[in-house]
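Structural overview for review
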Amino acid sequence: MTVRKNNINKLKLTLHFVLGFGIVICLVIGLGILRFHAARLAYYLESVNQSIQKYSDEEVILRQELSALVAPIRIYSYCKESLGMQKVVTAETLPVRMIDSRNSASGRKAASVPSEDEGWRSGLAWLLGR
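Thresholds, definitions, all that
Residues numbered from 1 in each chain as written. Predicted model: local features only at pLDDT ≥ 70, side-chain atom pairs only at ≥ 80, totals over all residues. Heavy atoms only, no water. Salt bridge = Lys/Arg side-chain N within 4 Å of Asp/Glu carboxyl O. Helix = DSSP H or I, 4+ residues; strand = E, 2+ residues; numbered from the N terminus. Buried < 20%, exposed > 50% of the residue type's maximum accessible area, 1.4 Å probe, protein only. pLDDT = per-residue confidence, 0-100. Contact = heavy atoms within 4.5 Å. Phe/Tyr/Trp six-rings, centres within 6.5 Å; stacked < 30°, edge-to-face > 60°. Lys NZ or Arg CZ within 6 Å of the ring centre and 35° of its normal.

With that settled, consider the pattern of salt bridges. Tallied over the entire structure, the rule returns one salt bridge. Glu 59 is paired through a salt bridge with Arg 63; the nearest N and O atoms lie 3.1 Å apart. Here the residue Glu 59 and the residue Arg 63 both occupy positions in helix α1 (residues 2–70), the gap between them amounting to four residues, near one helical turn. Look at Glu 59 and you get partly exposed, because its relative accessible area is 39%. Residue classification places Arg 63 among the exposed residues on the basis of a relative accessible area of 57%.

See the structure below:
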């Protein structure tokens, strides 16, 4: 009986050792998988950060181009050099008389060109509906 108990104890010890070794192997494999997943996420995060940096640099360049294009001297030089436009020395204006259907229907006088003493705002009064 002692031999049998001894064999059973050895079998239990071997079984515990194999079971413990299996658990350790599973933990090492699990930690390896988690480490691989963390490395993959870090790589993805780095690629996203690089994309953000690239687009941020592109935005700065585009803002600089926009501010350069909106500048009046750039518009003037572009029109002069590329389009061949020339600066007008004298500009002619033509007075346009607006016929208001309300005024003509009631028999009142149509709007006329304002005189010099009325001021510059009276010429734009028709825009405001006065």
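Read on, since the account is not over.
Looking now at the confidence of the model for the chain. In the predicted model, the chain carries a mean pLDDT of 82, and the fraction of residues at 70 or more is 76%. α1 holds the highest mean pLDDT among the elements of the chain, 93, whereas helix α3 (residues 101–105) holds the lowest, 57. Contacts from residues 107–111, a stretch scored under 50 in pLDDT, to residues over four places away or in other chains number four contacts.

Evaluated as defined, the whole model comprises one aromatic pair. The interplanar angle of 20° and the centroid separation of 6.4 Å between the aromatic rings of Phe 17 and Phe 21 together place this pair among those described as stacked. Here Phe 17 pairs with Phe 21, and both are found in helix α1, just four residues apart, close to one helical turn. Judged by its relative accessible area of 59%, Phe 17 is exposed. Geometry around Tyr 55 places Lys 54 over its ring, the cationic atom sitting 5.0 Å from the centre.

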